[in-house]
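Chain by chain, the residues:
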Amino acid sequence: MRIIDSHFHWRPISMLEWACKAKGYPRAERDGKGGYIWTIREGYSVAIRNNHPAWAPLDVMLAHMDGLGHQVDVVCTIGPLSVYFSELPPEAGRDAAMLWNEEMAAAERKFPGRFWGTAAVPLKDTKVAIEVLDHAVNKLGLCGANLPGSVGTDARIDAERLLPFYQRAEELGIPLFLHPTDAIFEDILEGYDNTLHFSLGRVIEVSVGAARLILSGTMERCPNLKIMLSHTGGALPYQSGRMDKNTKAAKLPRPVSEYMKRMYTDTVSPHTAGIKFAIDYYGIDNVMYGSDYPCWEPAEALELISKIDLSEADKQKLFVDNVKRIFRLREPAKPAVREPALV
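Residues numbered from 1 in each chain as written. Predicted model: local features only at pLDDT ≥ 70, side-chain atom pairs only at ≥ 80, totals over all residues. Heavy atoms only, no water.

Could you clarify how one ought to interpret the sheet that holds strand 6 (residues 115–117) in this entry?
Paired through their backbone hydrogen bonds, the strands of a sheet run either parallel or antiparallel. Strand order in the open sheet formed by three strands is 1-5-6, with parallel pairing between adjacent strands. On the outer flanks of this sheet lie strand 1 (2–9) and strand 6, each paired with one strand and no other. For this sheet the average axis-to-axis angle between neighbouring strands, irrespective of direction, equals 20°. With three bridges connecting them, strand 5 (residues 71–77) and strand 6 associate as parallel partners. Note on strand 6: the bridge partner recorded for Val 75 is Trp 116. On the sheet, helix 13 (residues 312–327) packs against strand 1 and strand 5 and is oriented at approximately 55° with respect to strand 1. (Pairing = 2+ DSSP bridges. Helix = DSSP H or I, 4+ residues; strand = E, 2+ residues; numbered from the N terminus. Axes fitted to C-alpha atoms, helices over the stretch in contact; angles between N-to-C directions. Contact = heavy atoms within 4.5 Å.)

Put into structure tokens, the structure is as follows:
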């Protein structure tokens, strides 16, 4: 069976090495163990686990996928580091994003039909964000872009100044992959070796980010904007009725749940019931298989999905067709078959 993983992370070492040269914040430094320490601002650092066996060269990661017994192709997303590009001054953010995007395009050329890359976009300056997005999609051929749950240390991705960026993404027809970062919520979720932050903080962030795009009217003004939510949509599907009940003050022309159901999501939830509810809530046409590899083991993700009663047609949508349609994935051209010459 062919599978396309919509939520796969690979970090080019060149990107981390570039960040090691930064003088201010954010910046990175080698930890002496094969990994990196990422310092977002003074007093707040996170470990980039390149010393973890899973954070390996791309060909090694794809070889791991080969061991699953299926043909597994991947859409590569940035994850929490997507906020980095918006923490930098506009020109530096543009340069860093361009480096990331060129690496994604190079990997696509190296693994055609097996790997698709999504773009980094710096959001501190809207004009620069649009320029980088256009270059990534129209020049490099990337299939989507990454949207951090926060813009740097400012948690407002619904800023009015960003509307032209969302309108341009809508025009281009590419999805924006909304993923939580490590830039916010650490003050109320500190301690317990990041247990609260990883378990709840990231879920809260993606939920708040998506809700802001709705309540600000961005989803109303951009009716064809594609927003893909990580982690089965965070808490939003499970609080859909509460959102409708308590958001009337936003004066939107339709209930919040209608905008929510226009969004897309993945299957990244280590809980069969959670995956099934996401499928039931968003509809099978709006859900794509994702493993969050290497943060989660694909074999476990597939095992949990196998416990859900899905038709073969729905499995085809979940594992292949939806991601191809939503990201508009372009398969490599097959070599022409030459007919034998007549004698």
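Is there a simple way to think about the layout of surface pockets in this case?
One simple way to see leftover space: roll a probe sized like a water molecule over the atoms. As a volume, the largest pocket reaches approximately 850 Å³. Secondary-structure elements contributing two or more residues to the lining of the largest pocket are strand 3 (36–41), strand 4 (44–48) and helix 7 (195–215). When the residues that make up the lining of the largest pocket are grouped by side-chain class, the tally is 17 nonpolar, 11 polar and five charged. Its volume calculated, the second largest pocket comes out at about 280 Å³. Lining the second largest pocket are 17 residues, with Glu 108, Trp 116, Gly 141, Arg 328 and Arg 330 positioned closest to its centre. Within the lining of the second largest pocket, the residues separate by chemical class into 11 nonpolar, two polar and four charged. (1 Å grid on protein atoms, 1.4 Å probe; cavity = no way out; pocket = protein on both sides within 12 Å on 5 of 7 lines; lining within 4 Å. Points joined across faces, edges and corners; volume = space filled by probe spheres on them. Nonpolar A, V, L, I, M, F, W, Y, C, P; charged D, E, K, R; others polar.)

What should I look at first to understand the packing of aromatic side chains in this one?
Describing an aromatic ring pair means giving the distance of the ring centres and the angle of the ring planes. Throughout the structure, instances matching the rule amount to 10 aromatic pairs. Arranged with centres 5.4 Å apart and planes meeting at 65°, the rings of Phe 165 and Tyr 166 form a pair that is edge-to-face. For the pair Phe 165 and Tyr 166, one class covers both residues: buried. (Phe/Tyr/Trp six-rings, centres within 6.5 Å; stacked < 30°, edge-to-face > 60°. Buried < 20%, exposed > 50% of the residue type's maximum accessible area, 1.4 Å probe, protein only.)

Looking at this structure, how should I read the sheet that holds strand 10 (residues 264–266)?
Read across the open sheet, the five strands follow the order 7-8-9-10-11; overall the sheet is parallel. Edge strands, defined here as strands with exactly one partner in the open sheet, are strand 7 (145–148) and strand 11 (287–288). Of the strand pairs in this sheet, strand 7 and strand 8 (residues 175–179) are connected by four bridges, and their pairing is parallel. If you follow Leu 147 over to strand 8, its bridge partner there is Leu 178. Against the sheet, helix 7 contacts strand 7, strand 8 and strand 9 (226–229), and its axis sits at roughly 140° relative to strand 8.

What is the right way to look at a nonpolar patch on the surface in this model?
Taken together, the side chains of Leu 200, Ile 204 and Val 208 define a hydrophobic patch exposed on the protein surface, amounting to about 210 Å² of accessible area. Checked against the element boundaries, Ile 204 lands in helix 7. (Patch = residues over 30% accessible without salt bridge, like charges linked within 9 Å, V, L, I, M, F, W, Y side chains within 5 Å. Areas by Shrake-Rupley, 256 points an atom, 1.4 Å probe, with all protein chains shown as cover. Salt bridge = Lys/Arg side-chain N within 4 Å of Asp/Glu carboxyl O.)

Please clarify how the packing of helix 4 (residues 90–110) against helix 5 (residues 126–139) should be interpreted in this entry.
For any two helices packed against each other, the geometry is given by the interaxial angle and the distance between the axes. It is at 10 Å that the axes of helix 4 and helix 5 come closest, and there the two elements cross at 15°. Taken together, the axes of helix 4 and helix 5 lie roughly parallel to each other. The handedness of the crossing between helix 4 and helix 5 is right-handed. The segment helix 4 lies against helix 5, with Pro 90, Arg 94, Ala 97, Met 98, Asn 101 and Glu 102 engaging Val 128, Val 132, His 135 and Ala 136. A breakdown of the residues in the contact of helix 4 with helix 5 according to their chemical character gives six nonpolar, two polar and two charged. (Parallel < 35°, antiparallel > 145°, perpendicular 65-115°, else oblique. Left-handed = near helix turned anticlockwise from the far one by under 90°.)

Can you help me understand helix 13 in this one?
It helps to recall that an α-helix has 3.6 residues per turn; residues three or four apart then point in one direction. Helix length check: helix 13 (16 residues) gives 22 Å between terminal C-alpha atoms against 22 Å at 1.5 Å per residue, within 8%. At Leu 318, helix 13 shows its maximal kink, close to 50°. All buried positions along helix 13 are accounted for by Leu 318, Phe 319, Val 320, Asn 322, Val 323, Ile 326 and Phe 327. Positive backbone phi, at 50°, marks Arg 328, one or two positions downstream of helix 13. (Expected span 1.5 Å × (residues − 1). Bend = angle between axes of the 7 residues up to and from the residue.)

How should I be thinking about the environment of Lys 248 in this particular structure?
By the element assignment, Lys 248 lies in the loop between helix 9 (240–246) and helix 10 (256–260). For Lys 248, a relative accessible area of 66% gives the class exposed. It is 40 Å that separates the C-alpha atoms of Lys 248 and Tyr 25, two residues lying 223 residues apart in sequence.

What am I meant to see in empty space enclosed by the protein here?
Counted according to the given criterion, the structure contains one cavity of 30 Å³ or more. One number sums up the size of the largest cavity: a volume of about 50 Å³. Broken down by secondary-structure element, the contributors of at least two residues to the lining of the largest cavity are helix 1 (13–19) and helix 3 (84–87). Classifying every residue of the lining of the largest cavity gives nine nonpolar, no polar and one charged.

Would you mind showing me how to read helix 4 here?
Spanning 21 residues, helix 4 covers 30 Å between terminal C-alpha atoms, matching the ideal 30 Å at 1.5 Å per step. Within helix 4, the full set of buried residues consists of Gly 93, Ala 96, Ala 97, Trp 100, Asn 101, Met 104, Ala 105, Ala 107 and Glu 108.

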